[in-house]
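Geometric and topological summary
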Amino acid sequence: MTILLWILGILAVPVLLFGLWLAGVFLKEFFSPSPDDDDDADDGVGAAQAAAAPGLLPSDRQDTAYAGPLPDDWRAALDAVRADDWRPAADLLAAIGRDWEGRAAFSYALSQLAVREDDWLLAWEAERADDPDAALVRARSTVGLAWEIRGARRATYTTGEQFEGFHRTLRTAREQVARAAALHPDDPTPYIAETWIALGLGYPNSAMDKLWSEITARAPHHFEAHFAALQYWCAKWSGSERLATAFAERAAAQAPPGSLLTAFPLIAHFEHDESADTEADSTPEMIARVDAALVDAAAADPAHPRLPELRHLLAFYLSLQGREEAALEQFRLVDGHVNALPWRYRVDRAGYYCQVRDATVVAARATHGTPPA
Amino acid sequence: MGAILRALRAVVLLCGFPLLSLLLLALLAGADVLALTRLAGLAALKIVIVSFLLAVPVVQGVLMLRVPRAERPDGVTVTEADEPRLWALVRELADATGTRAPDEIVLTGEVNAAVGERPRLLGLLPGPRALHLGVPLLTGLSEAQLRSVLAHEYGHFTGGDTRLSALVVRGRVQLAVVIDRFTSRADDKVAAERARQERAAAKRLTRGRRPREVDTRGVGLTYRAMAALYTAYAKLYLRASLSTARAQEYAADLTAARITGRDTTASALRALPALTAAHDFYLARYASLGVPVRLLPPRGEFLGGFARMLAAREENLAELRTALPAAPASPYDSHPPIAERVRRVEQLPSDGAPVAAVVRVVNGLTGEAPATGAALDLLTDPARTLAALEDVILTDDARSFRRAADWQDLLDTAMSAHLTGADTPLRQALAAYTRRPPTLNDLLTLIDDGALWQLAHRLPLSEQAIASKGRAFREFARPVLRTSLRTMVLAEFSARSLLHWEFSWAHPATVRLPGAAARDAASTDAPDNTRDTDARPGPDSEEVFEAALDAALADHPDTAPLRALLPPSPHPAEQAS
């Protein structure tokens, strides 16, 4: 019997120790609860106050579809398409003509509407066979469809089925791009659309260089062309940080003022910045890049369709560099639309935008004592 | 620690195996004695009962250690009178390695050669020997390579660096059998209990009560506990003896290389994993092709087809022989990775002995005697032996299967049954949507009515596909639809005997579409053209078929091209009236 007791005793020791430990944890938690979300709650209050700053909109009133306000005639044409009337859009695209920046931007906006349902586009194609404008929208919408199928998540979280559909649709899009380019040989836009295919299908660098020479021969300082190509040269697609930075710096240095290509050194930095603090964003080099972009924005045509995108980036980096006054100036100019880098990569882009904007407002108050008028 | 010491340690551990059981029993008995002397009445009785319950599996364990015999694979035992050349070869190699020849030779259907002993006392004493020789091995190896494999097997019995290691290796084999027995018995108990409870649950249901959930957690517990104990001990033994066992394998390879030549041994080692993979492939893709329709290849071909496939796929085999698996099969596998074994053999100095690999002659579908130079030729009458062996290795159920006339017949029957019986997701969706037996005609009508995408929502789709809308949804659904529709249309062709499957030993079976027939149907109003279109080559009809499938599943579907391919309705008279 004593042996049995001994055995039981030995078995009981770990159980007893565990019980004591559990009781200890329980008591400790009871008398001094560990801090949890109280800090966040404080932030929430501050944000609510900041949103009350005059002239700035709360996050639920931010437009998450565009980077800035659309021209009236564009909006009217897009609304007509939503009502299945493609004619105003076709007329507008024809009127935009050889303004390649405008053509790329408007054909993109139009193609996005065809990603979900394309009956209006089919009607357009049926009525005007071999219309280069319809062919361009068709090609761009198929590219958009492919990216819709893939989803915006990283490769690890993307299923084989999604990749399979993505690649299949991109291959269809490649044929349509070729057709659009053949129908309008001067137009760089089909090649810009193909750059998004190059990303998805992983074109070799040599093929991308060839594609790039087609684009620059037609439009040497095109914003969207550079935007797409820079994505291709990023480490997450087919390039590296070094290649992307070199590409962006070269583009910015060669472009005339007002072409907005000074945005790209900032984007190249943004895409490869893994640091958690703002030190890397406030180097003399980054301050010089932001200054150059400020000059560029001031020199640009105020109606440039991509100007708001540069202003969003400027607002972000000015804020990170502690230049709150200048940042707020940019925030005020673009407030109301948030579909731009850096907010675009977040699920709640409006929330992220307002968070950074409001923190800037608070910081500006702290520095100057009075709220800026 | 030297090799001898390591082997000695393993032998001690081996002896410890029965001692473990005795120790357990002694402990229980001791507890009983203590209880009876120190305690009175009920408490003592309780302890005695519990100790008896615990003793039962221990005793069973002891009995099991004694009982198990390596299970004999099904096979045909051949006497010296049956196969004089094979026996002569086997004896010659036994002499050369300096060990005794086996007492019997059993031909089996596996890719394996093993000299097995039924040892006594857990392998501490030797017993009668049997050579198990897989016929697929005879098919795939040359005579010289077979000699090398046999020399390796005998090498195990001659003892590499110590006499003890043979003992150790035998112990390993025996222990593996013991563990197998334990776990499979426990599994059997669980299965039996599950069946009993399910019967009970069914009974409850018929009486209109809620069935209890089947719970087999507690069943076989004592067995599994014992098995866990013995398994743990056996693993200890396996680990302790691993280096000895591996050294044994290398030593056996050396013996083989000494007797049959370095290059032949290396080529045999390279051939083994390739043959295993090829045989698995053969069984899955060829031999068992007709199993779902209870159909087997012609008698003798179940084993005999392997040689034809090897001949036709020589290129793939060559690839397999160069790329060797580098990882061991399991941490307890006594065989070192084959790549390492090949490396060691190939490092030996050259002995000038020529390589002798199988020289195969591609001899088509109905060729006469298969491969030449294969070890199979050692047999007096390979064809008769294959047929006899087939009768033994097939299960009773499989023996009752019908036999196909030839491989082509097997393919045709299996494929048409597969197509007709294929319950594709689209068929299920269609049945759910219309509440009628799904037919191709119904499906096409439904597509014409513009209901294809409503139907698509009834398909089993991924989370991402369900979350998508519009064109993206259609892109997600299209591959599933296409595969299913393709199967349904092919089944329709097959039902009208319009399909022709091309059998090949070298490639997967390909389907020949009824191009000419379909065009006949399409151009009935222009009969003058039929002769012309008939002459067009096959691939064209495939393109037409694929394009028709695409059209039927487009965003705005058009079934006309597909209907044109389908033969006219089988009941024209009914339709006319």
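Quick caveat, the model's predicted, so the values are computed rather than measured. (Residues numbered from 1 in each chain as written. Chains lettered and ligands numbered in written order. Predicted model: local features only at pLDDT ≥ 70, side-chain atom pairs only at ≥ 80, totals over all residues.)

1. Points about the packing of helix H8 (residues 262-287) of chain B against helix H11 (residues 338-346) of chain B
The geometry of a pair of packed helices is captured by two quantities: the angle between their axes and the separation between those axes. Residue and element names in this part refer to chain B. Following both chains from N to C, one finds H8 and H11 inclined at 170°, their axes separated by 9 Å at the closest point. Classed by the angle they form, the pair H8 and H11 counts as roughly antiparallel. From H8, Arg262, Thr265, Ala266, Leu269, Arg270, Leu272 and Pro273 reach across to H11, where they touch Ile338, Arg341, Val342, Val345 and Glu346. Looking at side-chain class alone, the contact of H8 with H11 contains seven nonpolar, one polar and four charged residues. (Axes fitted to C-alpha atoms, helices over the stretch in contact; angles between N-to-C directions. Helix = DSSP H or I, 4+ residues; strand = E, 2+ residues; numbered from the N terminus. Parallel < 35°, antiparallel > 145°, perpendicular 65-115°, else oblique. Contact = placed C-beta atoms within 7 Å. Nonpolar A, V, L, I, M, F, W, Y, C, P; charged D, E, K, R; others polar.)

2. Side note on the nonpolar core
Counting 180 residues, the largest nonpolar core has Leu230(A), Ala248(A), Ala263(A), Phe264(A), Leu314(A), Tyr317(A) and Leu138(B) as the members making the most contacts within it. Considering every element that reaches this core, the biggest residue donor is helix H19 (residues 470-495) of chain B, with twelve residues. Beyond its immediate chain neighbours, meaning those up to four positions away, Leu138(B) contacts Leu133(B), Leu146(B), Ala374(B), Ala375(B) and Leu376(B). Grouped together as the second largest cluster of nonpolar side chains are nine residues, Val11(B), Ala234(B), Tyr237(B) and Ala245(B) included. (Core = buried A, V, L, I, M, F, W, Y, C linked by C-beta atoms within 7 Å. Buried ≥ 20, exposed ≤ 12 C-beta atoms within 10 Å, placed from the backbone.)

3. Things to note about the interface of chain B and chain A
Frequently, the measure chosen for interface size is the accessible area that the parts lose on association. Contacts between the two partners involve eleven residues from chain B and, on the opposite side, 15 residues from chain A. Counting only elements with at least two residues in the side of chain B that touches chain A, the list comes to helix H1 (3-38) and H19 of chain B. With five residues, H19(B) is the single largest residue contributor to the side of chain B that touches chain A. Split by residue class, the side of chain B that touches chain A holds four nonpolar, three polar and four charged.

4. Structural notes on the environment of Ser350(B)
All names here are of chain B. Tracing the backbone through its elements, the reader meets Ser350 in the loop between H11 and helix H12 (382-393). A count of 9 C-beta atoms within 10 Å places Ser350 in the exposed class. Spatially, the C-alpha atom of Ser350 lies 8.0 Å from that of Asp263, the residues being 87 residues apart in sequence.

5. Overview of the pairing of strand E4 (residues 129-134) of chain B
All names here are of chain B. When you tally the buried positions in E4, you get five out of six residues, the bulk of the element. Judged from the five bridges that link them, strand E2 (residues 104-108) and E4 form a sheet pairing that is parallel. What sits directly across from Ile105, in E4, is Leu131. (Pairing = 2+ DSSP bridges.)

6. A closer look at helix H14 (residues 284-299) of chain A
Residues and elements named next belong to chain A. For H14, with 16 residues, the first-to-last C-alpha span of 23 Å sits near the 22 Å given by 1.5 Å per residue. Looking only at H14, the buried set comprises Met286, Arg289, Val290, Ala293, Asp296 and Ala297. End-on view of H14: buried residues confined to an arc of 120°, all on one side of the axis. Facing away from the buried side of H14 by over 90 degrees, the exposed positions are Pro284, Ala288, Val295 and Ala298. Considering only its buried residues, H14 is in contact with helix H13 (263-272) and helix H15 (307-320). (Expected span 1.5 Å × (residues − 1). Arc of directions from axis to C-beta.)

7. Remarks on the environment of Ile259(B)
Residues and elements named next belong to chain B. With respect to the helices, strands and loops of the structure, Ile259 is situated in helix H7 (residues 221-260). With 111 residues separating them in the primary sequence, Ile259 and Ser148 have C-alpha atoms 7.6 Å apart. For Ile259, the contacting residues outside a window of four places in its chain are Leu93, Ala96, Thr97 and Ala151.

8. Considering the confidence of the model for chain A
Averaged over all residues, the pLDDT of chain A is 84; the fraction at 70 or higher stands at 85%. Residue range residues 35-50 of chain A is modelled with pLDDT below 50. Its contacts to residues more than four positions away, or to other chains, number six contacts. (pLDDT = per-residue confidence, 0-100.)

9. Regarding helix H12 (residues 241-254) of chain A
Along an α-helix, a turn takes 3.6 residues, which lines up residues three or four apart on a common side. All names here are of chain A. Its 14 residues give H12 an end-to-end C-alpha distance of 20 Å, which sits within 8% of 20 Å, the value for a rise of 1.5 Å per residue. Along H12, the residues classified as buried are Ala244, Thr245, Phe247, Ala248, Ala251 and Ala252. End-on view of H12: buried residues confined to an arc of 160°, all on one side of the axis. Of the exposed residues in H12, the ones pointing more than 90 degrees away from its buried face are Arg242, Ala253 and Gln254. Looking at the buried residues of H12, the elements they touch are helix H11 (223-233), H13 and H14.

10. Let's talk about the packing of H13(A) against H14(A)
Residues and elements named next belong to chain A. Across the interface, H13 lies against H14 with an axial gap of 8 Å and an inter-helix angle of 140°. Comparing the axis directions of H13 and H14 gives the class oblique. Here H13 runs over H14; the crossing is left-handed. On the side of H13, the interface is formed by Ala263, Pro265, Leu266 and His269, while H14 contributes Met286, Arg289 and Ala293. (Left-handed = near helix turned anticlockwise from the far one by under 90°.)

11. Thoughts on the pairing of E2(B)
Residue and element names in this part refer to chain B. Summarising burial for E2: four of the five residues are buried, a large majority. Of the strand pairs in this sheet, strand E1 (residues 75-78) and E2 are connected by four bridges, and their pairing is antiparallel. Pairing of Gly75 across the sheet is with Thr108, part of E2.

12. Focus: unusual backbone geometry
The peptide bond linking Leu341(A) to Pro342(A) adopts the cis configuration, its omega dihedral lying at 0°. Mapping Pro342(A) onto the fold places it in the loop between helix H16 (324-334) and helix H17 (349-368). If you check the backbone angles, Asp130(A) has positive phi at about 60° while not being a glycine. Note on placement: Asp130(A) falls in the loop between helix H6 (119-127) and helix H7 (132-150). Taking the C-beta count within 10 Å as the criterion, Asp130(A) has 10 such neighbours and is therefore assigned exposed. Unusually for a residue other than glycine, Arg294(B) sits at a positive phi of about 55°. Within the secondary structure, Arg294(B) sits in the loop between H8 and strand E5 (295-296).

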